[in-house]
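Working through the structure, step by step
What follows is each chain in one-letter form.
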Amino acid sequence: RVAITAGSVFLSSFQVRRSEMAVASLQVLGGTPAIPPALLYTDSDNKGFLVNPGEGIQRMILESPGIRIGNISDIITTHCSWETCASIPGISLFRRDQFATNHSPLHVWGCEKVEEFMNITQKECFADEVKVDKHLKIRDISMLYQIGAIEVSVKKLKTSHCLLFKLPQKAPKVNKDLLLQYKIPQKSLPQLFKAGAVTLSDGTVVKKEDVLEEPQAAPMFLVVNCNSREEAALLNENNFELQSSDGKNELLIVCHFTPEAVIKSEEYAKFLSNFKQVDHLWLYRNDDSAILGDCRERNALLSTLVPVGKLYTNKDSSQENVPPGIVASRHLLKYHLFAGRKTQFGWNDSNLLPKDVVLGDRLETASKLYSRIKHKVNNSPAKKIKLQEAHFPDILFLGTTSTYSSTYRNVSGILCSSPNMKFILDSGEFTVGQLIRLYGPVHARSLISKLDFLYISHIHFDHCGGALEVARIFHEETSSSLVIYCPLRAMAWFGTLSKLFNIPLRLVPLGSIAIGDKSKFQDVSSSKYTLNVCPARHTRDSWCVVVQGQHWKIAYSGDTMPTEDFVEIGKNCDVLIHEATHQSSLAADAALKKHSTVKQALEIGQKMAATYIILTHFSLRYQKIPPIANEKIPPNALLAYDFMVVTPGNVREWCDFTEIIPEIFPTEYQDLLKHHHRKKAA
């Protein structure tokens, strides 16, 4: 069996008795408040294609075992929206990074707007050395007629497309009774099946088809994306001529990517009446906020050490308010497509459960160590943070890794929140999804609606890929445009996407902000804050920023090599948040990719005289624990984890947490040490 991820329907092969071999299977991935639904098809070799991968799908695929992004050959978008194509860049980056040149091209099928989105995203948001991914091919969906052995029919509505997939017809089996009836000698069987006919001793000519059973019908499934009642009327005019199945083809299921207002309309009900003997699956965002096991495992461990956000859970309401005869999508819901036997739905929730049993001794060890930390903090003369707790923002880390999200960490995103001010520093893909996982959809949307601004340090996708979703929700909740401070280079990308996806933005280019010149902010900011920026030593048009409010000062590096300009504007800050992509033994690698090491980040903090230093943006090789092997971590430094909340009340505990990481993760820490020594020896 192949396990699955969020936001898509997944067709996976699985083992059954040879005589009942499945053609394929469907499995829902996501469709939660955090992740829109999408569709993934795989054949018996576990290779296939993905339909409508909205924001977060790349992360969800990695969180579930059994699915390999490298086996996805095609991506299809039924219409151009953020909910149908936001994860394409992340998937493309993952394939490029993991498989280098040893993988087949990824074909993306969509309308001209999807092509425009991908072209400008490749040009602006991929690394400088890779302007265009030669393994990424953008294709017009109207030209799609076949994927491998699967025939595809595409019908265009007004704003979207519907697709009919016809799987290969299974070869008919040999009827042993007919072989006996014709009395065909065993020695003549090779000639019968190779030449197609054999002449018996009595002169009778027996053809191959004379001894074969009736061929089974070719399974078909239909994907319908209907965005309006007007389009539903068009469906009734041309419904793929599938009102009944013939002997050669059998329509098994219709998958509906259709909004609630449309699927419950009279026009759509008329369309559904043409498929009474067919199963129906409605892919939409229900209130089943699924959290996968790996995410819960990390949260359970950190909660034992220092209080972090409690992950949101809610009752399953996936079948509420669903039209009769339709099955509502649910994360990990599977639909089996069998040749010649009844289809069926099934659901496996094993990946949704907390892995407390897996944690085992780690939780007990962590609890004892946490008690030791509390005693140390309570009896330590170490300085407390020099801020008034009523004004200093809580700092919530929504993502702490680089390049693309992994099983344990999301890409960059930091929410700073106080009673009178809220802002986000960088917003990689699935920033909103992380907020929903933590707080639930209602509270997350409320937080976003109260944002003063969103800051983007540079235009790489792991720092800006989630900004559009933040801005979309902000606009829905407030009817206003979100203020986004971004590099001048990012203006074209944000402007293009704003038009393509109809998401209004209020862009302020960082290139127009002079260091220390507060007058530049009077049109979009208030007396609550000021921003000082300086160029970062990273990609072209990258920036470091200092956000200063009443009684507090936070410095954020974005991605950068060490720079004295940042030290100057960040002098005496209360908190420095600095990238530490690599461990110190990889200084050459860090310089090559224009990043900082742990040692370099700490040195910047010391030069700034920062009260506290928070290290984040760790390389993908450091997932369970940051790169701390053989590093001298000062007592005022702490290491960021996803969902970690830093407050004036717990910052000392997070600092002291660093010293017990090797005891909680002994195996991972030893692996880091070995890697450090190998690099040092080399």
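Fair warning: this is a prediction, and the values are worked out from it, not measured in the lab.

What to know about the pattern of salt bridges
For the coordinates displayed, the defined rule picks out 11 salt bridges. With its nearest N and O atoms 3.3 Å apart, the salt bridge here joins Glu124 to Arg489. Taken as a pair, Glu124 in helix H4 (residues 112-125) and Arg489 in the loop between strand E23 (482-486) and helix H17 (491-500) lie far apart in primary sequence, 365 residues in all. For Arg489, a relative accessible area of 7% gives the class buried. Between Arg229 and Glu267 there is a salt bridge, and its shortest N-O distance comes to 2.9 Å. Taken together, the residues span a long stretch of sequence, with Arg229 in helix H7 (residues 229-237) and Glu267 in helix H9 (residues 266-272) at a distance of 38 residues.

Examining unusual backbone geometry
Residues apart from glycine generally show negative phi values, whereas peptide bonds are mostly found in trans. For Lys183, which is not a glycine, the phi torsion comes out positive at approximately 55°. Inspection of the secondary structure assignment puts Lys183 in the loop between helix H5 (176-182) and helix H6 (189-195). Even without a glycine there, the phi angle at Phe643 is positive, about 75°. You can see Phe643 is positioned in the loop between strand E30 (637-639) and strand E31 (645-646).

So, the confidence of the model for the protein
When pLDDT is averaged along the protein, the result is 80, and 78% of the positions lie at 70 or above. When the criterion is pLDDT under 50, residues 303-309 qualifies, and its contacts beyond four places in sequence or with other chains add up to 25 contacts. Throughout residues 514-525 the model reports pLDDT below 50, and contacts reaching past four residues in sequence, or to other chains, amount to 19 contacts.

Overview of the packing of aromatic side chains
Counted under the stated rule, the structure contains 20 aromatic pairs. An angle of 75° between the planes, with centres 5.5 Å apart, marks the rings of Phe117 and Phe501 as edge-to-face. Of the two residues, Phe117 is situated in helix H4 and Phe501 in the loop between H17 and strand E24 (505-509); the sequence distance between them amounts to 384 residues. Just as Phe117 is buried, Phe501 falls in that class too. Site record: aromatic cluster; members linked through ring pairs are Phe423, Phe453, Tyr485, Tyr529 and Trp552.

What counts, and where the lines are drawn
Residues numbered from 1 in each chain as written. Predicted model: local features only at pLDDT ≥ 70, side-chain atom pairs only at ≥ 80, totals over all residues. Heavy atoms only, no water. Salt bridge = Lys/Arg side-chain N within 4 Å of Asp/Glu carboxyl O. Helix = DSSP H or I, 4+ residues; strand = E, 2+ residues; numbered from the N terminus. Buried < 20%, exposed > 50% of the residue type's maximum accessible area, 1.4 Å probe, protein only. pLDDT = per-residue confidence, 0-100. Contact = heavy atoms within 4.5 Å. Phe/Tyr/Trp six-rings, centres within 6.5 Å; stacked < 30°, edge-to-face > 60°.

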